[in-house]
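Listed below, chain by chain, are the residues.
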Amino acid sequence: MVKLKGSIKISGDKSISHRALILSAMATGKTKITNLLESEDINSTINVLKSLGVKIKKEKNIWVVYGNGTCGFLEPTKALDCGNSGTTARLMIGAVSSNPIRCSFVGDKSLSKRSMSRVTKILEKIGAQVNLTNYDYLPLIISGSENLLPRHHIMIKASAQVKSSIILAGLNIKGKTKITEKIKTRDHTERLMKYLKINFKMKVLKNNHTEIELNGPYEIKPKNISVAGDPSSAAFFIVGALITPGSAINLKNIALNPTRIAFLKILKKMGGKIKIKKLKNSCGEDVGNINAEYSRLKGVVINSKLSPFLIDEYPILSIAASQARGKTIMKGLAELRHKESDRIKSIVINLKKLNINVTQVKDNIEIYGKKIDLKKNKTIKTFGDHRIAMSFSILNLICDNMLLIDDVNCISISYPKFKNHLDKLLN
Ligand code: S3P
């Protein structure tokens, strides 16, 4: 039987990479970015920024961005293609909205089925003009303005993308843009803004709501950025080590942002032998190493309150649950239906194929762990979803490679080096 052994450095974090590029593009002058994730989603952001007149080039291993300022985007001569990337679309729609330019945004088949009105409704309220397909989808056209209104926005949905979209718009809005978040979401934009010394206020109120207050327009001074490793990518190998007997791995340089590592708490609660060592703070983010070794896992109940902090990790957590003793219940997964695929469906269909007892009850998934014993190959349907492809590639470690993943190419959306890193740990 295979096992995972050794130490690797995980690729740069996807959420931080998008933000490093966009905030550098909105600064005035030159920023060098190291350890930027090189993946299809990040390419989408690079290409969209280039089409908006931002010069970006790679010199050796360093990406260099020549920012034109918070009001420096030029009207593009072609549609801005966001590919598969929801983060590119939602963040960039916000970023261009407070510039006096007209932009059309397009995306691939999957992205064209994902809601954009969650962002544009807010931007329309403050004066942007937007035309969406079927009132919700890409392709869309947005006419921005330098005179968008400063306003207090109260976030109803927990979404870091929507929050970041308003923040990026607010950087070039005259006056006070205020955002109240009832449920905290990943805060990479705010951390990077602090690192860049952008003068904004942030406080946690008595009722635990977070309030962010910007007072634009801003001139952002460029500052070099180093991107920490992606905890969501690390999650695949961590679960791989936990379920594969004899494994012990060490993953280096991982972002330990509290809004991103709730999955480690869950895996520890399941009995996972995981050690986290915080080493430094880099560009506003805590960074450290993670050790994980084979463990006998047990089922747990995962409260719906945690869902914003586990949103990208449910597919790999469901793999851990499939190999745990007893029942795991993952609650409050409604938002999973709006990801790169309907992830509730993608998880349930594929685990069922492997004779795992899995049921979907409304927005919850229940999984009874069981040893998988396959007599013949089974095809896993990824629905073009990178996280489904990687999750079942990990399960394949204990299935003697009997799982045929229908589309492994989609992995390059977030982690082109996945196979290479997995092979390193297998040696
Ligand atoms: C992201 C936010 C999350 C996450 C996505 C990346 C971000 O989406 O699922 O992969 O970088 O802001 P939501 O904002 O829709 O929760």
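Here's a quick rundown of the structure. (Residues numbered from 1 in each chain as written. Predicted model: local features only at pLDDT ≥ 70, side-chain atom pairs only at ≥ 80, totals over all residues. Heavy atoms only, no water.)

Let us now look at the sheet that holds strand E4 (residues 62-68). Across a sheet, strands are paired by hydrogen bonds formed along the backbone, either parallel or antiparallel in direction. Here 4 strands make up an open sheet; going across it, the order is E3-E4-E2-E13 and the pairing mixed. Each edge of the open sheet is held by one strand with a lone partner, namely strand E3 (55-59) and strand E13 (225-226). Inspection of the sheet shows strand E2 (residues 28-34) paired to E4 by 6 bridges, in the antiparallel sense. Counterpart to isoleucine 33 in the pairing with E4 is tryptophan 63. (Pairing = 2+ DSSP bridges. Helix = DSSP H or I, 4+ residues; strand = E, 2+ residues; numbered from the N terminus.)

Judged from the 5 bridges that link them, E3 and E4 form a sheet pairing that is antiparallel. Bridging from a neighbouring strand, lysine 55 pairs with tyrosine 66 of E4. Turn length for the E3-E4 hairpin, with the two strands adjacent in sequence and antiparallel, is 2 residues, and the turn residue lysine 60 shows positive phi of about 55°.

Now for the pattern of salt bridges. This model, assessed by the stated rule, comprises 24 salt bridges. Residue lysine 163 pairs with glutamate 181 through a salt bridge whose shortest N-O separation is 3.4 Å. Residue lysine 163 is found in helix H5 (residues 160-170), and its partner glutamate 181 is found in strand E10 (residues 175-181); the two are separated by 18 residues along the sequence. When sorted by exposure, lysine 163 lands in the same class as glutamate 181, which is buried. Between glutamate 190 and lysine 163 there is a salt bridge, with its nearest N and O atoms 2.7 Å apart. Of this pair, glutamate 190 sits in helix H6 (residues 188-195) while lysine 163 sits in helix H5; the two residues are 27 residues apart in sequence, bridging distant segments of the chain. Three or more residues are tied together by salt bridges with common partners; here these are Arg114, Arg186, Asp312, Glu340, Arg343, Asp385 and Arg387. (Salt bridge = Lys/Arg side-chain N within 4 Å of Asp/Glu carboxyl O. Buried < 20%, exposed > 50% of the residue type's maximum accessible area, 1.4 Å probe, protein only.)

Here we come to the sheet that holds strand E5 (residues 80-81). Here 4 strands make up an open sheet; going across it, the order is E5-E6-E8-E7 and the pairing mixed. Taken across any chain shown, the strands that pair with only one partner, and hence form the sheet edges, are E5 and strand E7 (129-133). Alignment of E5 against strand E6 (residues 102-106), held across 2 bridges, turns out to be parallel. By the bridge assignment for E6, leucine 80 is matched with phenylalanine 105. Packing of helix H4 (residues 117-125) onto the sheet brings it into contact with E7 and strand E8 (137-143), and relative to E7 it is tilted by some 155°. (Contact = heavy atoms within 4.5 Å. Axes fitted to C-alpha atoms, helices over the stretch in contact; angles between N-to-C directions.)

Once that is clear, we can look at the environment of glycine 326. By the element assignment, glycine 326 lies in the loop between helix H10 (314-322) and strand E18 (327-330). Its relative accessible area of 40% is what places glycine 326 among the partly exposed residues. Taking C-alpha positions, glycine 326 is 22 Å from arginine 343, a pair spaced 17 residues apart along the chain. Those residues within four positions of glycine 326 in sequence are excluded, and the remaining contacts are Gly299, Ile367, Tyr368 and Gly369.

This part covers the environment of alanine 262. Relative to the helices and strands, alanine 262 resides in helix H8 (residues 262-269). It is 6.0 Å that separates the C-alpha atoms of alanine 262 and phenylalanine 309, two residues lying 47 residues apart in sequence.

Turning our attention to the site of the ligand. Taken together, Ser15, Arg19, Thr87, Ser159, Ala160, Gln161, Arg186, Ile311, Asp312 and Lys339 are the residues near the ligand. Between the ligand and glutamine 161, the relevant distance is 2.8 Å, taken from an oxygen atom to a main-chain nitrogen or oxygen of the residue. Its atoms largely coinciding with the cavity grid, the ligand occupies the largest pocket. Among the secondary structure elements, those contributing two or more residues to the shell around the ligand are helix H1 (14-26) and H5. Here the shell around the ligand is built from residues that sort into 2 nonpolar, 4 polar and 4 charged. (Near = heavy atom within 4 Å. Polar contact = N/O pair within 3.5 Å; in protein donor to acceptor, adjacent residues only side chain to side chain. 1 Å grid on protein atoms, 1.4 Å probe; cavity = no way out; pocket = protein on both sides within 12 Å on 5 of 7 lines; lining within 4 Å. Sits in = over half its atoms within 2 Å of the grid points. Nonpolar A, V, L, I, M, F, W, Y, C, P; charged D, E, K, R; others polar.)

Grouped together as the largest cluster of nonpolar side chains are 73 residues, with contacts concentrated most on Phe237, Ile238, Leu267, Phe392 and Leu395. For this core, the element with the most residues is helix H7 (residues 231-243), which contributes 9 residues. Setting aside its immediate chain neighbours within four residues, isoleucine 238 contacts Ile249, Leu251, Phe263, Leu264, Leu267, Ile274, Ile290 and Ala292. Leu36, Cys82, Leu111 and Leu171 belong to the second largest nonpolar core, which has 68 residues in total. (Core = buried A, V, L, I, M, F, W, Y, C linked by side-chain atoms within 4.5 Å.)

Attention now goes to the packing of aromatic side chains. Tallied over the entire structure, the rule returns 4 aromatic pairs. Note on phenylalanine 237 and phenylalanine 418: the rings are 5.5 Å apart at their centroids and 15° apart in plane angle, and the pair reads as stacked. A residue pair is termed long-range when its members are at least 10 positions apart, and phenylalanine 237 in helix H7 and phenylalanine 418 in helix H13 (residues 418-426) qualify at 181 residues. Phenylalanine 418 matches phenylalanine 237 in its accessibility class, with the two residues each being buried. Seen from their ring centres, tyrosine 415 and phenylalanine 418 are 5.9 Å apart, and the 65° between their planes marks the pair as edge-to-face. Classification of tyrosine 415 as buried rests on a relative accessible area of 0%. Using a relative accessible area of 3% as the deciding quantity, one classes phenylalanine 418 as buried. (Phe/Tyr/Trp six-rings, centres within 6.5 Å; stacked < 30°, edge-to-face > 60°.)

So, about the packing of H7 against helix H12 (residues 386-395). At a minimum axis separation of 9 Å, H7 and H12 run at an interaxial angle of 20°. Judged by the angle between their axes, H7 and H12 are roughly parallel. Judged by the twist between their axes, the crossing of H7 over H12 is right-handed. In contact with Ser232, Phe236, Phe237, Val239, Gly240 and Ile243 of H7, H12 contributes Arg387, Met390, Ser391, Ile394 and Leu395. Taken together, the residues of the contact of H7 with H12 sort by class into 7 nonpolar, 3 polar and 1 charged. (Parallel < 35°, antiparallel > 145°, perpendicular 65-115°, else oblique. Left-handed = near helix turned anticlockwise from the far one by under 90°.)

The alternating pattern of E8 places Leu138, Leu140 and Ile142 on a buried face, while none of Tyr137, Pro139, Ile141 and Ser143, on the opposite face, is buried. Summarising the sheet, E6 and E8 pair through 4 bridges and their orientation is antiparallel. The residue bridging phenylalanine 105 from the neighbouring strand is leucine 140, located in E8. Of the strand pairs in this sheet, E7 and E8 are connected by 4 bridges, and their pairing is antiparallel. Among the inter-strand pairings, glutamine 129 is bridged to a residue of E8, identified as serine 143. Count of turn residues in the E7/E8 antiparallel hairpin: 3 residues, of which asparagine 134 carries a positive phi of about 50°.

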